[in-house]
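Below, each chain spelled out in residue letters.
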Amino acid sequence: MNPFGKLGVDLSPSELQETAYEILVGACRSTGSGRRLTYVSNSSSKERAQQPPSLPLPHRSIRTSAASKVKKALGLKPETNKSEENNSGEPGAGGHGNAERKRGGFTVGELMRVQMRVSEQTDSRVRRGLLRVAAGQLGRRIESMVLPLELLHHFRSSDFTSRQEYEAWQRKTFKIFEAGLLVHPYLPHDKSETVAQRLRQILQTASEKPIETGKFSEPMHILSDVVTSLACRSFDGSVSDICHWADGIPLNLHLYRILLEACFDLNDETSLIEEVDEVLEQIKKTWLILGINQEFHNLCFLWVLFHQYVATGEIEDDLLHAADRMMVEVAKDANSIHDPDYSKILNSTLSLMLDWAKKRLRQYHDIFYRGNIELMESVLSLGASAAKILDISHEYGKKRNELDVACSRVDAYIRSSVRSAFSQEREKVISGRKSSRKQQSPLPALSILAQNTLDLAFTEKEIYSPILKRWHPFATGVAVATLHACYAIELQKFVSSISELNPEAIQVLLAAEKLEKELVEMAVADLVESEDGGKAIIQEMSPYEAEAVMNNLVKSWILTRVDRLSEWVDRNLQLEDWNPQVNKGRFAPSAVEVLRIMDETLEAFFLLPIPMHPVLLPELMGGLDKCLLNYIVKTKSGCGSRLTFTPTLPPPTRCTTSSKLGAFKVKDRLFMGPGRKSQVYSRNGDDFFTVPRLCLRINTLYNIRKELEALEQRTMVNLRNCGFPDDQNVANGKLALSIASCTEGILQISEATAYKIVFHDLGHVFGDYLYIGDISSSRIEPFLQELEQNLEVISLTVHDRVRTRVITDVMKASFEGFLLVLLGGGHSRAFTPHDASVMEEDFKFLADLFWSNGDGLPADLIDKLSHSVTSLFSLLRADTGSLIEQLKRSTPDSNGTSAKLRLPLPSVTGQWRPTDPNTILHVLCNRNDKTASKFLKKTYDLPKRSKHNSSYDAL
């Protein structure tokens, strides 16, 4: 790193160092300083002759009256007693020599010689040369002469250890002329300037053959004239009193840098010597020769401090702190100096320092830690100050205030370093997963990365942000926003690769949700005092929407499970034969399997480690409810209903004494009333809906309803166990459709079973047999026998919790059928009042069957339902005349109607009651009596019965 630029001349470091020492010794002698530059030797002449050109340092020090002001200003500590103890162990420190070396035994000049690594021989030669110059140039100041030219005049080869050394020194001097007068002159040359061309020719010749420097040497006289002519130019064209041969930039800066580097302890290159104040005082005497001023001094000293810190391996943080303090002085100078040469060197110097700081700050997580965090503050301060002075803005390309410049740069540093730290954590996780591929890791990679990212955020907040906030008020907010964005990229890749819900996906999404919550909270807390609430930074943190992604995945999981169940229901219901003989549990296997799948699905749902069980549970239960409802509907389908098997009451006709022909015929039962749908089953269809199979369907629906109620309870327990005690009610009623459909189905199939038994299965001993022809020979006993067999099947098959319901429906169907026989029995039935006692007795037998000596239905239930039948026996026993009078009284306006006008038929109420005109009319229609027939003909014009118009609908 060199901010001063290349010299363009092949001057080695040692040649520059020797030149700088010559200037220093000459400048100090010329000033007439109170501190004599005479060398006080501490060794004999024999010892000096034996010393090599470059010596190890002897113990050195000069007396100082107080602590170094320079060190104090730079924040550097003075040497400790420990360093002095260490020095006492160096070579030459033992014996009487060490006792004789007192602090006052060395001059500043001797100290500078040692610090600049100049041998005593070189020092002696330079001083001898300067004495000769002084003798020949009495009263002339050093800045008014070209020192190398004067030394060239007075040095002879005998002043050197060898001819080769003399010629090397001469070549060095010519290169100094080239650098200071031709390549980097104080005043630029005109291209056509002959003096410069002449000097170039002389130097070219001298590089091939040494110049004779004797007093009468013509080449030397020519060289002197040319060099003096070029060195004594001025801006106004007059001859200057000051010779400009070493004050051209950057030659002067290179020489001055070498002098400043002598301030560092040779035994400890990371420390300034204690005598730095005295040394700098001497160095400043070269300013006039080198064209240095306070501003250039500050800038060079800043660079030397900084460069020494870097060159020594960046191990002494105090040097960087010192450079940071020196930067304050440079900043002051930069605001007041508008010299283009100074600005150029300033920009070059600060740009190098800024680049160095940027490299470290862009990865400050790798370099700084809790133990050296103060160093980070110095680096930041150095970089921010350099940026302020340079006023560089890569984003806007215009000048901004100090806060804007520092803030924008620190913002970039934070983002860069955080991204780098995140990338390293990501690589660690990936490599860790690869190395442990054979092992079962409890956490997915992105879950681990989320935790590591959160750790990075907390580390940032705790260690780095307090430092960064000096230049960026919202350092934490920027860091967490950057981490949020980094993780978002990885999360997006992961989400795009997910095809279905799995444990890894849930763990990653939950970890992402937790990470985002923590990061947002940290950002909001950091930005709370910003003018706009940190909207710009918060807007950078585009939501992960982990919960939404999880919701969609869970919904997809639910949909898949529900679709599978729906397909299973459709497929297995087609295979279900509802055979109770192969179902010992008295439930359809398909229903048991459906309930098992539902239970397992709910259990699997609650095992999902998600936080939104109460939110998505209704959707799951709704889907399951829909599938189960489909099962229930198909279970009920085809079983018929009460109306399916209930015969249609035929239109009223009048009975004749010769109307007892035939009985209920199958073709009679095929007649359907208006709006009724014919349902005639083949033998195979009948077998599929036998009473045992219907009973199995009832049991299945009852079991489903019972299990659903239990399932709802288990679901509420699961909600409580998952940590949602306040959301237990979310499961209530979510299976209501299926539960209600089960209840409805039980009622439907129970009634259908009862009416099928009475009107379909036992039609041959009931509708087609009971009271056909001679009543005494067609009584109810056959019907009771077969009905009892069906009741036994029901008792053995139907679950005891619904058995009473089914038997009650059978009793109701039997009572209703008995009434239809009595009141709408068709053309083959005709009754007299004397038949009523037989009918009443048969009905008592029927009711007793259901009572079953107290083991059947409750007596009060039987009495309640049988009242509709027993209340009509009074009508059946009444004579025809009283029935006619009762009908007339119960018919509105019948008394005032003309005999010639026929009355309308009584309205159908749907209930059989002794006082109901329609009921009385049907008793008269079935009365085997001429008086009744004439009345019906005259009053209502009812036709006579025939087998084609006097049947009722039955299956």
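Residues numbered from 1 in each chain as written. Predicted model: local features only at pLDDT ≥ 70, side-chain atom pairs only at ≥ 80, totals over all residues. Heavy atoms only, no water.

Naming follows an unreviewed UniProt entry, where the protein chain appears as Protein unc-13 of Sesamum angolense.

K.L.:
What's the story with the environment of Arg125 in this structure? I'm lost.
P.N.:
Positionally, Arg125 belongs in helix H7 (residues 120-136). Note: C-alpha distance between Arg125 and Phe155 (30 residues apart in sequence) is 8.5 Å. A polar atom in the side chain of Arg125 sits 3.0 Å from the side chain of Glu18. (Helix = DSSP H or I, 4+ residues; strand = E, 2+ residues; numbered from the N terminus. Polar contact = N/O pair within 3.5 Å; in protein donor to acceptor, adjacent residues only side chain to side chain.)

K.L.:
Would you take a moment to explain empty space enclosed by the protein for this structure?
P.N.:
Empty space among the atoms becomes apparent when a probe as large as a water molecule is rolled across them. A full pass over the atoms with the stated rule returns seven cavities of 30 Å³ or more. Forming the walls of the largest cavity are 13 residues, and the residues nearest its centre are Pro650, Pro651, Leu823, Gly824 and Arg945. Split into classes, the residues belonging to the lining of the largest cavity amount to five nonpolar, seven polar and one charged. (1 Å grid on protein atoms, 1.4 Å probe; cavity = no way out; pocket = protein on both sides within 12 Å on 5 of 7 lines; lining within 4 Å. Points joined across faces, edges and corners; volume = space filled by probe spheres on them. Nonpolar A, V, L, I, M, F, W, Y, C, P; charged D, E, K, R; others polar.)

K.L.:
Explain the side chain of Asn703 here, please?
P.N.:
Turning to its location among the elements, Asn703 is positioned in helix H31 (residues 691-721). Once residues lying within four places of it in the same chain are set aside, the contact partners of Asn703 are Phe587 and Leu595. (Contact = heavy atoms within 4.5 Å.)

K.L.:
Explanation requested: the packing of aromatic side chains in the structure shown.
P.N.:
The relative placement of two aromatic rings is captured by the distance of their centres and the angle of their planes. For the structure shown, the criterion picks out 21 aromatic pairs. Taken together, a centroid distance of 5.8 Å and an interplanar angle of 45° make the contact between Phe160 and Trp169 tilted. According to the relative accessible area criterion, Trp169 is buried, its value standing at 3%. By the ring-pair criterion, three or more aromatic residues cluster together here, those being Tyr771, Phe815, Phe818, Phe831, Phe843, Phe850 and Phe873. (Phe/Tyr/Trp six-rings, centres within 6.5 Å; stacked < 30°, edge-to-face > 60°. Buried < 20%, exposed > 50% of the residue type's maximum accessible area, 1.4 Å probe, protein only.)

K.L.:
Mind showing me how you'd approach helix H40 (residues 930-940) here?
P.N.:
For an α-helix, 3.6 residues make a turn, and residues three or four places apart therefore share a direction. Within the span of H40, buried status applies to Ala932, Ser933, Phe935, Leu936, Thr939 and Tyr940. All buried residues of H40 lie within an arc of 165° about the axis, which places them on one face of the element. The outward face of H40, more than 90 degrees from its buried face, is lined by the exposed residues Lys930, Lys934 and Lys938. Packing partners of the buried residues in H40 comprise helix H38 (880-890) and helix H39 (917-925). Structurally, the start of H40 carries an N-cap: the backbone nitrogen of Thr931 is 2.8 Å from a side-chain oxygen of Asp929. Phi turns positive one or two residues past the end of H40, at Asp941, with a value near 55°. (Arc of directions from axis to C-beta.)

K.L.:
Even after reading the chapter, I still don't get the packing of helix H9 (residues 163-183) against helix H11 (residues 218-231), so can you show me in this structure?
P.N.:
Axes are the key here: two packed helices are described by the angle between their axes and the distance separating the axes. Here H9 crosses H11 at 30°, and the two axes come no closer than 10 Å. The handedness of the crossing between H9 and H11 is left-handed. Residues Phe174, Phe177, Leu181 and Leu182 of H9 form the contact with H11, whose own contacting residues are Leu223, Val227, Leu230 and Ala231. Looking at side-chain class alone, the contact of H9 with H11 contains eight nonpolar, no polar and no charged residues. (Axes fitted to C-alpha atoms, helices over the stretch in contact; angles between N-to-C directions. Left-handed = near helix turned anticlockwise from the far one by under 90°.)

K.L.:
Can you walk me through the packing of helix H35 (residues 836-851) against helix H36 (residues 859-870) in this structure?
P.N.:
Where H35 contacts H36, the axes come no closer than 10 Å and their chain directions differ by 155°. As far as their axial angle goes, H36 and H35 are roughly antiparallel. Two packed elements cross with a definite hand, and for H35 against H36 that hand is right-handed. Between H35 and H36, the contacting residues are Phe843, Ala847, Phe850 and Trp851 on the first element and Ala859, Ile862, Ser866, Val869 and Thr870 on the second. By residue class, the composition of the contact of H35 with H36 is seven nonpolar, two polar and no charged. (Parallel < 35°, antiparallel > 145°, perpendicular 65-115°, else oblique.)

K.L.:
What is the right way to look at the side chain of Glu295 in this model?
P.N.:
Tracing the backbone shows Glu295 in helix H15 (residues 294-311). Beyond its immediate stretch of four places on either side in the chain, Glu295 contacts Asp333, Ile337 and Tyr342.

K.L.:
In this structure, what is going on with helix H26 (residues 589-607)? I would like to understand it.
P.N.:
Between the first and last C-alpha of H26 there are 27 Å, a value that for 19 residues agrees with the 27 Å anticipated at 1.5 Å per step. Buried residues of H26: Ser590, Ala591, Val594, Leu595, Ile597, Met598, Thr601, Leu602, Phe605 and Phe606, and no others. Buried residues of H26, seen end-on, are gathered within an arc of 165° and therefore sit on one face of the element. Buried positions along H26 lie against helix H25 (546-575), helix H27 (613-636) and H31. (Expected span 1.5 Å × (residues − 1).)

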